[in-house]
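Residue strings, one per chain:
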Amino acid sequence: MIAAYIKYLLRSGNEHSIHSPFLFELYNNVIAVQKDDNPEYEAIRSLRRDLLRSDEQIEILDLGAGSRVNKSNLRSIKTIAKNAEKPAKFGRLFYRLIRRFQPATILELGTSLGLTTLYMSKAKPDAQLITFEGCPQTAAKAQAHFRGQHAGNIEVVLGNIDETLPKRLAALDKPIDFAYFDANHRYEPTVRYFEQCLPHIHNGSLFIFDDLYWSEGMTKAWQHIKAHPQVTVTVDLFWIGLVFFRSEQAKEDFTLRF
């Protein structure tokens, strides 16, 4: 991954490399914001600090690509918070993106302990936020965190996402406005989840994919997604990738600093 990151640094640009007015505004006002000290973040920061100190252990049911850090299924909460949860700057970015686009329906594939979920929930408390998690004990911890933070708009779908995603999508009565894919970090499942969600998009939908360079399979999946005919604008931020379906935009891929 180090080699991939060096390549990313060498080819990534900033606002001066953007010719799209839509993306120029988005990068300057949402993505590249440096000072972002919203008071709503403090409760999540406090929760993260508590989790990083917790020696409590839970049994992990891992239905994805597994962990590079810990091969044991018995893991401490602080280990999960350190290695499986996205750093706070990504939660704050998702918060800003949701505030910018005002999605009514949000999907998250991979709940973990629910910190990123909370950022999304607080960004738009009246949105329908559906989060999918395969591990019962992890999901139980996340649900306790949601209750503790009074996040009442979150629906947790428990079970193997291979089975639960198609069923829940079939029951959706609204299009997907915003989706975050952070579940199975392998090529085939990532592409399959993407394509299962495609019938539910609209012109303004935004998909975000996690860990683009975690493995060769994930990088291959990212290339597949970028090349899809329904995809127009993609933004590679190395750790995550943004996917837009705006028909008024020329097809273009941006690699930008974050």
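Just above, that's the structure.
Presented here is a report on the structure given in the accompanying data block.

Rules used in this analysis
Residues numbered from 1 in each chain as written. Predicted model: local features only at pLDDT ≥ 70, side-chain atom pairs only at ≥ 80, totals over all residues. Heavy atoms only, no water. Pairing = 2+ DSSP bridges. Helix = DSSP H or I, 4+ residues; strand = E, 2+ residues; numbered from the N terminus. Axes fitted to C-alpha atoms, helices over the stretch in contact; angles between N-to-C directions. Contact = heavy atoms within 4.5 Å. Phe/Tyr/Trp six-rings, centres within 6.5 Å; stacked < 30°, edge-to-face > 60°. Buried < 20%, exposed > 50% of the residue type's maximum accessible area, 1.4 Å probe, protein only. Parallel < 35°, antiparallel > 145°, perpendicular 65-115°, else oblique. Left-handed = near helix turned anticlockwise from the far one by under 90°.

Here the focus is the sheet that holds strand β8 (residues 233–236). Pairing in this open sheet of 8 strands is mixed, and the strands run β5-β4-β3-β6-β7-β9-β8-β10 from one edge to the other. Since the sheet does not close on itself, it has two edges, and those belong to β5 (154–158) and β10 (252–255), each with one partner. For this sheet, the mean inter-axis angle between neighbouring strands, taken without regard to orientation, is 15°. Bridge analysis of β8 against β10 gives 4 bridges, and the strand direction is parallel. Looking at β10, one finds that Val235 is bridged to Phe254. Across the sheet, helix α2 (residues 21–31) touches β8, β9 (240–244) and β10, and the angle it forms with β9 is around 140°. Across the face of the sheet, helix α9 (residues 187–197) comes into contact with β3 (105–109), β6 (178–181) and β7 (206–210) while running at roughly 170° to β7.

One pass over the structure, following the stated rule, counts 20 aromatic pairs. When the ring of Tyr5 is compared with that of Trp239, the centres are 5.7 Å apart and the planes differ by 35°; the resulting orientation is tilted. On the criterion of sequence distance, the pair formed by Tyr5 in helix α1 (residues 2–11) and Trp239 in the loop between β8 and β9 is long-range, its members being 234 residues apart. A relative accessible area of 30% means that Tyr5 is categorised as partly exposed. Measuring from ring centre to ring centre gives 5.3 Å for Tyr8 and Phe238, while their planes differ by 40°; the resulting arrangement is tilted. Linking Tyr8 in helix α1 with Phe238 in the loop between β8 and β9, this pair joins segments that are 230 residues apart in sequence. Judged by relative accessible area, which is 2%, Tyr8 ranks as buried.

Turning our attention to the packing of α9 against helix α10 (residues 216–227). Any two packed helices are characterised by how steeply their axes cross, that is the angle between the axes, and by the distance between the axes. At their nearest, the axes of α9 and α10 sit 8 Å apart, and the two run at 30° to each other. Comparing the axis directions of α9 and α10 gives the class roughly parallel. Crossing of α9 over α10 shows right-handed handedness. Contacts from Tyr187, Thr190, Val191, Phe194 and Glu195 in α9 reach Gly217, Met218, Lys220, Ala221, His224 and Ile225 in α10.

All right, on to the environment of Thr117 then. Looking at where Thr117 falls in the secondary structure, it is placed in helix α6 (residues 115–123). Overall, the relative accessible area of 0% leaves Thr117 in the buried class. Discounting residues that sit within four places of it in the chain, Thr117 has contacts with Glu108, Thr111, Leu129, Thr131, Phe146 and Ile154.

Let us look at unusual backbone geometry. Although it is not a glycine, Gln102 adopts a positive phi angle of roughly 55°. Positive phi values are uncommon outside glycine, yet Phe238 reaches one of about 70°. The exposure class of Phe238 is buried, given its relative accessible area of 2%.

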